[in-house]
Amino acid sequence: MALRILAPFDRPGETPMRAEIRPIRWQDHQLQLLDQRRLPAEETYLALSDYRAAGQAITDMVVRGAPAIGITAAYAMVLAMDSVLNKSDWQAALASAAEELRTARPTAVNLAWAIDRQLELARAQSSAQDARAALLQAAHDLLAKDIADNQRMGRFGVEVLPERGGILTHCNTGSLATGGYGTALGVIRAGFAAGRDWQIYADETRPWLQGARLTAWELQKEGIPFFLNADAAAGHLMATGKIHAVIVGADRIAANGDAANKIGTYSLAVLAQYHQIPFFVAAPLSTVDFAMPDGSQIVIEERAAEEVRRCGGQEMAPAGVAVRNPAFDVTPAGLIAGIITECGVARAPFTQALAALRT
């Protein structure tokens, strides 16, 4: 997985409000991923030409966020096609590569969704060369559609959030977690573009600090006013009247509206209910797993203990201490005021509402 430093995002004379963040791009027959592990200190891309390296990049959190993982997987399938072009049994070889990619991270449904779409498309082609061209175009289309869908999602979200007040968000749900623009953070961007009088509060989001490193970086680039706060401060902020709505993303949503998201989301939903603060989820319909009736079946990824023991490269706990490091939790649908999608806002009962948006 070779590291190359490419041109930075900002163009000469460009203001922060106009900065475009594109974490995923295809250039020179390679998949190029903004290495989110290095932000905010460095803006560098990994240039990948091997599908296994793309899968490892997903596992290693080079790219993260359900929509971004799905787009990356779509391009990884193009790289997989490159590795099987000269094989007589290219369809079987591609299916084998797809199974390898499917194991990169278990919780985000967009990973398997994108792989399955690409597999089905490849099988419909008459030759490996045709399949490769079709998969590349489909990946390009998915990237463009994701950005357009996020912009629509943003407009729907602005209509259901309060016109003024404090908005709390968790983890990173902006351009970095998608093809561009963002889900929950996209709603925040749309709100400021529409003139909403909001004060944003961003949870730091331990242990990977996606809020402190990534959301803060994006908001600063956008010129959006915000406070960065410790995760444990959320209850105090709600109790003292600073928060008027919570909006988060999701990595998988069950058919009944139960939503898996970054660890700590469930705690926020419980706190929000206690303080009578509306709690919203923003995610594309591709994140809804309609084959999964409820959240009890969602596989929760357990990550390495070192992510908790260490912070900023420094040991933070006694050597060898036992650690639990679930990367996600599941928020029951009963705690969610609405699920904001690119097709509209679903409200309880979510089974019927989400299905109606799908049609």
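Structure: above.
This write-up is about the structure you can find in this document. (Residues numbered from 1 in each chain as written. Predicted model: local features only at pLDDT ≥ 70, side-chain atom pairs only at ≥ 80, totals over all residues. Heavy atoms only, no water.)

**Focus on the overall build of the protein chain**
For the protein chain, the helix and strand inventory stands at eleven helices and 17 strands. The globule rule puts the C-alpha radius of gyration for 359 residues at 21 Å, and the 20 Å found for the protein chain is close to it. With the C-alpha coordinates of the protein chain rotated into their principal frame, the extents come out at 65 × 50 × 45 Å. For the protein chain, the proportion of its 359 residues judged to be buried stands at 55%. Across the protein chain, the fraction of contacts at a sequence separation of at least 24, relative to all contacts at a separation of at least 6, is 75%. In the structure as shown, the protein chain presents an accessible area of about 14,800 Å², 53% of it carried by carbon and sulfur atoms. When the 33 positive and 38 negative side-chain charges of the protein chain are each reduced to one mean point, those points stand 2 Å apart. (Helix = DSSP H or I, 4+ residues; strand = E, 2+ residues; numbered from the N terminus. Rg over C-alpha atoms; globule rule 2.2 N^0.38 Å. Buried < 20%, exposed > 50% of the residue type's maximum accessible area, 1.4 Å probe, protein only. Contact = heavy atoms within 4.5 Å. Areas by Shrake-Rupley, 256 points an atom, 1.4 Å probe, with all protein chains shown as cover. Lys, Arg positive; Asp, Glu negative; His and termini not counted. Charge placed at Lys NZ, Arg CZ, Asp CG, Glu CD.)

**Remarks on the packing of aromatic side chains**
Scanning the model with the defined rule gives three aromatic pairs in all. Ring centres of Trp26 and Tyr75 lie 5.5 Å apart, and the angle between their planes is 15 degrees; this geometry places the pair in the stacked category. Residue Trp26 is located in strand E2 (residues 24-27), and its partner Tyr75 is located in helix H2 (residues 66-84); the two are separated by 49 residues in the primary sequence. In this pair, the class of Trp26 matches that of Tyr75, namely buried. Here Tyr201 and Phe227 contribute two aromatic rings whose centre-to-centre distance is 5.5 Å and whose plane-to-plane angle is 35 degrees, an arrangement assigned as tilted. Of this pair, Tyr201 sits in strand E6 (residues 197-203) while Phe227 sits in strand E7 (residues 226-229), placing them 26 residues apart in sequence. For Tyr201, a relative accessible area of 8% corresponds to the buried category. Take Phe227: its relative accessible area is 46%, and that puts it in the partly exposed class. A cation over a ring is seen here: Lys262 above Phe328, with NZ or CZ 4.5 Å from the ring centre. (Phe/Tyr/Trp six-rings, centres within 6.5 Å; stacked < 30°, edge-to-face > 60°. Lys NZ or Arg CZ within 6 Å of the ring centre and 35° of its normal.)

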